[in-house]
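Structure assessment
Given next are the chains, with one letter for each unit.
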Amino acid sequence: MNHASSPRRNEYQQDIGPALPDWQPRPRPSIQTLQGRYCRLERIEPARHAAQLYAAFAEAADGRDWTYMMSGPFPDEASYLCQAELMQASQDPLHYVVIDQASGMALGSMALMRIEPAHGVIEVGHIAFSPRLKRSRVASEAHYLLMRHVFQDLGYRRYEWKCDSLNGPSRQAAQRLGFCFEGIFRQAVVYRGRSRDTAWFSIIDDQWPALRQGFERWLHADNFDAAGRQRQPLSALTGPTLPSGG
C-alpha cells in the first residue's frame, strides 16, 4: 500500500489522505499456532502453560520485570494460574505463549490488543519474557512471527507498540525491532498508583517487506556462530525507515 503519493484535494480544495477504494475491515486474529524455526506461539491454556510460565518467571532474581506491567509479580503458582485463566478468557488482549522449540517449554507471553479490524490497526503488548527468553533468538523470532501474522495473514495496516516513557529497555527494544518512535502522550495512564506518560511506536504496512527481509536474514542459521552469538545485530537490519522523532 503506497502512502507516498502527493496529497489529494476534495471539491472544497482541502487536502485529504490517500484513497482506499478497495479497503475492507480486516479479520480478527484467530487461535492458530504460529510456527517458527526456534519457537512457536500458541494461545494460552492455563492447564498446559501456567506452571511452566510461573517457573520461568520465578527464575528472576527480583520483581523488576513487572515494574512497568499492569499485573504481577506473582507470589506463587496459584496466583499466576488465576492470572493465566483471566488471560485465556480475554479476546482483547488476545494472549499467546512463547514456546521454545528446543526444550518444549513455555518461557514467556505476549498479546495482540486494541484490535481495530475496521481500521486495520492492532497493538502488541503485555510482553512478559522470562530471564531465559530475554535477548535470545527465540524472543526476536516470537516478535517476527506475530508481525508476520498481522501483516501477511491478516492484512493489517498499522502495528503499534506503546510503553511507559520511562521504560528505557522497552523503548530500545521497540526501535531494535524496527518500530518508529511517534511521540509521547502525556499523563495518558494511571497504573500502580502512579501517572504514566506513554511512548508511542509503530510499523506500517509499507515498511513490512523490508523489515521481513531484515528479520529473516538475522534469524538465518548463518548469522550465528557455534556458540550461538550473532554475527550481525538485528538493529543493523531493521533500522527505522522513517525519522525516529527523537
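Right above here is the structure, for reference.
Conventions we followed
- Residues numbered from 1 in each chain as written.
- Predicted model: local features only at pLDDT ≥ 70, side-chain atom pairs only at ≥ 80, totals over all residues.
- Heavy atoms only, no water.
- Pairing = 2+ DSSP bridges.
- Helix = DSSP H or I, 4+ residues; strand = E, 2+ residues; numbered from the N terminus.
- Contact = heavy atoms within 4.5 Å.
- Axes fitted to C-alpha atoms, helices over the stretch in contact; angles between N-to-C directions.
- Core = buried A, V, L, I, M, F, W, Y, C linked by side-chain atoms within 4.5 Å.
- Buried < 20%, exposed > 50% of the residue type's maximum accessible area, 1.4 Å probe, protein only.

On the basis of which strands lie adjacent, the open sheet formed by eight strands has the order β3-β4-β5-β6-β7-β8-β10-β9 and mixed pairing. Of all strands in the sheet, those bounded by a partner on one side alone are β3 (34-35) and β9 (180-191). Here strand β5 (residues 94-100) runs beside strand β6 (residues 106-116); their pairing, made up of six bridges, is antiparallel. Each residue of the ladder has a partner; that of L94, found in β6, is L112. Strand contacts of helix α1 (residues 46-57): β4 (39-43), β5, β6 and β7 (121-129), with the helix running at about 110° to β6, the strand carrying the most contacts. Running over the sheet, helix α3 (residues 137-153) touches β3, β4, β5, β6, β7, β8 (158-164) and β10 (194-204) and is turned about 55° from β4.

Moving on to the nonpolar core. One finds L41, V98, L146, Y159 and F179 to be the most contacted residues of the largest nonpolar core, which totals 45 residues. Listed by contribution, the elements that provide at least two residues to this core are β4, β5, β6, β7, α3, β8, β10 and α5 (208-219). Listed in part, the 14 residues of the second largest apolar core include I44, F57, V97 and A106.

A separate point is the environment of L107. By the element assignment, L107 lies in strand β6. Distance from L107 to L133, taken between C-alpha atoms, is 6.1 Å for residues 26 residues apart in sequence. Setting aside chain neighbours within four positions, we find L107 in contact with L53, A56, F57, V98, D100, F129, S130, R132 and L133.

Across the junction of G72 and P73, the peptide omega takes the value -5°, indicating a cis bond. Mapping P73 onto the fold places it in the loop between α1 and α2 (77-89). Note that the residue after D92, namely P93, is joined by a cis bond; omega there is 10°. Positive phi, normally seen in glycine, also occurs at R135, with a value near 55°. Locating R135 in the fold gives a position in the loop between β7 and α3. Take R135: its relative accessible area is 79%, and that puts it in the exposed class. Here the phi dihedral of R192 falls at roughly 50°; this positive angle occurs in a residue that is not glycine. Of note, R192 is situated in the loop between β9 and β10. Judged by relative accessible area, R192 falls into the partly exposed class, the value being 39%.

The values reported here are purely geometric and, on their own, carry no functional implication.
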